[in-house]
Amino acid sequence: MTRYSILDLSPICEGSTAAQSLANTLDLAQHGERWGFTRYWLAEHHNMPGIASAATSIVIGHVAAGTRTIRVGAGGVMLPNHAPLVIAEQFGTLATIHGDRIDLGLGRAPGTDGTTAYALRRNMAVEDNFPRDVVELMGFLGDPAPQQPVRAIPGAGTKVPVYILGSSLYGAQLAAQLGLPYAFASHFAPAALDQAVQIYREHFRPSAVLDKPYFMLAVNVFGAEDDATGAFIRSSMQLGFARLRSGQPGPLPRPVANVETLIGPQMMAMVDQALRVTVQGGPATVRDGIAALIARYAPEEIIFNGQIHDHAARLRSFQIAAEAMQALTTQQGAAE
């Protein structure tokens, strides 16, 4: 049965504040827990006026403290911004406090612009150390060797589950080689999706943590009471994405009617292509859209994203996604 989860960037909406965004994040996580979502992931981005999840491990602790059963983690931590030991200590501490509920998704991108990346790292290494850093981080979270000179305390022995995130073939190849679960960023960069899934599954090597491929598909969802309302609430993400790609990032815009009148045709085509892995509309339309994606990609898990300005509408959208997944699971079980 396909699992379903939530990806959240703690959007800061026009007319609101970061404090309200973080309160909304916890509220969504608590609702998601009741609606049967498997995990709640938060993403690391920096210098983004519309995103409040920059200090990702702190927000994860905030959500984990306010929930009881749902898994909570990073989707993801941008590992090149950090020393592996620091992340092992942060997530080892989270696991020590909250037990076996913490996930660690790792990305290779900076999650920001070049100037901000420099401010985070101070030196910009030319070489790609991501595979080595992933292995080093997993070592810090595993059982320490008897004479190991450096240990993550807390962290050593927690074995926090590690996931590889990516939007290109690179992450698919690395996840397959290391035998780790793989989440593809199809919610904003779907160009290489089909090829990445094929590479990951064909080249997967069983590991100590996973005996067969585990693929997570990221999907935007804009569920509402009818198709027109679904399209309307989606316009916030379309407009925000267009502004970001135009070098004008800002808070998540309010929804608008006829969003294409505010975005030029060339930019609109780019936005539609980037956000094409999206389901929107009334409950039946959302259910059918999810069913089509499951039939095409057979993911072990779908992780839903949805940048929606109105918090009540956002809650309803994720509730509709959960109800759709439960209905599809019932249908799948009946067919078997």
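Calculation criteria
- Residues numbered from 1 in each chain as written.
- Predicted model: local features only at pLDDT ≥ 70, side-chain atom pairs only at ≥ 80, totals over all residues.
- Heavy atoms only, no water.
- Helix = DSSP H or I, 4+ residues; strand = E, 2+ residues; numbered from the N terminus.
- Rg over C-alpha atoms; globule rule 2.2 N^0.38 Å.
- Buried < 20%, exposed > 50% of the residue type's maximum accessible area, 1.4 Å probe, protein only.
- Contact = heavy atoms within 4.5 Å.
- Areas by Shrake-Rupley, 256 points an atom, 1.4 Å probe, with all protein chains shown as cover.
- Lys, Arg positive; Asp, Glu negative; His and termini not counted.
- Charge placed at Lys NZ, Arg CZ, Asp CG, Glu CD.
- Salt bridge = Lys/Arg side-chain N within 4 Å of Asp/Glu carboxyl O.
- 1 Å grid on protein atoms, 1.4 Å probe; cavity = no way out; pocket = protein on both sides within 12 Å on 5 of 7 lines; lining within 4 Å.
- Points joined across faces, edges and corners; volume = space filled by probe spheres on them.
- Core = buried A, V, L, I, M, F, W, Y, C linked by side-chain atoms within 4.5 Å.
- Polar contact = N/O pair within 3.5 Å; in protein donor to acceptor, adjacent residues only side chain to side chain.
- Arc of directions from axis to C-beta.
- Phe/Tyr/Trp six-rings, centres within 6.5 Å; stacked < 30°, edge-to-face > 60°.
- Lys NZ or Arg CZ within 6 Å of the ring centre and 35° of its normal.

J.: So what exactly am I meant to see when it comes to the overall build of the chain here?
T.: What the chain contains, in helices and strands, is 11 helices and nine strands. Its C-alpha atoms give the chain a radius of gyration of 19 Å, near enough to 20 Å, the size a compact globule of 336 residues would have. Structurally, the chain occupies a C-alpha span of about 65 × 50 × 40 Å along its principal axes. Counting across all 336 residues of the chain, residues that qualify as buried make up 51%. Long-range pairs, those at least 24 residues apart, make up 74% of the contacts in the chain between residues at least 6 apart in sequence. For the chain, the exposed surface amounts to about 14,600 Å²; the carbon and sulfur share of it is 55%. Taken together, the 24 basic and 28 acidic charged side chains of the chain have centroids lying 3 Å from each other.

J.: Explanation requested: the side chain of Asp133 in the structure shown.
T.: If you trace the backbone, Asp133 turns up in helix α5 (residues 130-141). Despite its burial, Asp133 pairs with no opposite charge; the closest candidate is Arg132, at 4.0 Å N-O. Every residue in contact with Asp133, bar those within four places of it in the chain, is listed here: Leu79 and Pro84.

J.: Can you walk me through empty space enclosed by the protein in this structure?
T.: Rolled over the atoms, a probe with the dimensions of a water molecule shows which regions are left empty. Applying the stated criterion across every chain, the model contains one cavity of 30 Å³ or more. One number sums up the size of the largest cavity: a volume of about 50 Å³. Surrounding the largest cavity, Pro11, Cys13, Ser21, Asn24, Ile308, His309, Asp310, His311 and Arg314 form its lining. Contributing elements (two or more residues each) for the lining of the largest cavity: α1 (18-34) and α11 (311-335).

J.: Help me out: how do you make sense of the nonpolar core in this one?
T.: Counting residues in each nonpolar core, the largest one holds 81 residues, and the members touching the most others are Leu104, Tyr200 and Phe304. When residues of this core are assigned to their parent elements, the largest contribution, eight residues, is made by α11. Setting aside its immediate chain neighbours within four residues, Phe304 contacts Tyr4, Ser5, Ile6, Leu7, Phe37, Val219, Val221, Ile290, Phe318, Ala321 and Met325. In terms of nonpolar packing, the next biggest core, distinct from the first, is built from 15 residues, Ala224, Val259, Ile263 and Ile308 among them.

J.: Please clarify how the side chain of Ser317 should be interpreted in this entry.
T.: Mapped onto the elements, Ser317 comes out in helix α11. From its side chain, Ser317 meets the backbone nitrogen of Gly223 in a polar contact 2.8 Å long. Those residues in contact with Ser317 that sit more than four places away from it in its chain are Val221, Phe222, Gly223 and Ile308.

J.: Can you walk me through helix α7 (residues 193-203) in this structure?
T.: Because each turn of an α-helix spans 3.6 residues, side chains separated by three or four positions in sequence point in the same direction. Of the positions making up α7, those classed as buried are Leu193, Ala196, Val197, Ile199 and Tyr200. Axial view of α7: buried residues confined to an arc of 165°, hence all on one face. Facing away from the buried side of α7 by over 90 degrees, the exposed positions are Glu202 and His203. Where α7 is buried, its residues meet α6 (169-178), β6 (182-184), β7 (215-223) and α10 (283-297).

J.: Help me understand the packing of aromatic side chains in this model?
T.: Within this structure, the stated rule accounts for seven aromatic pairs. Aromatic side chains Tyr200 and Phe204 sit 5.7 Å apart centroid to centroid with 80° between the ring planes, which places their arrangement in the edge-to-face category. Summarising the burial analysis for this pair, Tyr200 and Phe204 share the class buried. Cluster of aromatic residues (ring-pair linked, three or more members): Tyr182, Phe184, Tyr200, Phe204 and Phe215. Just above the ring of Tyr170 sits the side chain of Arg108; from NZ or CZ to the centre is 3.6 Å.

J.: Help me understand the pattern of salt bridges in this model?
T.: Opposite charge on two side chains allows them to pair when their charged atoms are near. Under the counting rule described, the total for this entry stands at 11 salt bridges. For Glu225, the salt bridge goes to Arg316, with nearest N and O atoms at 2.6 Å. Of the two residues, Glu225 sits in the loop between β7 and α8 (227-245) while Arg316 sits in helix α11, which places them 91 residues apart along the sequence. One network of salt bridges, with partners in common, ties together Arg39, Arg71, Asp100, Asp103 and Glu301.

J.: Can you help me understand the layout of surface pockets in this one?
T.: As a volume, the largest pocket reaches approximately 1,000 Å³. Those elements giving two or more residues to the lining of the largest pocket turn out to be β3 (71-78), β5 (162-166), α6, β6, α8 and β9 (301-305). No other element matches α8, which puts six residues into the lining of the largest pocket.

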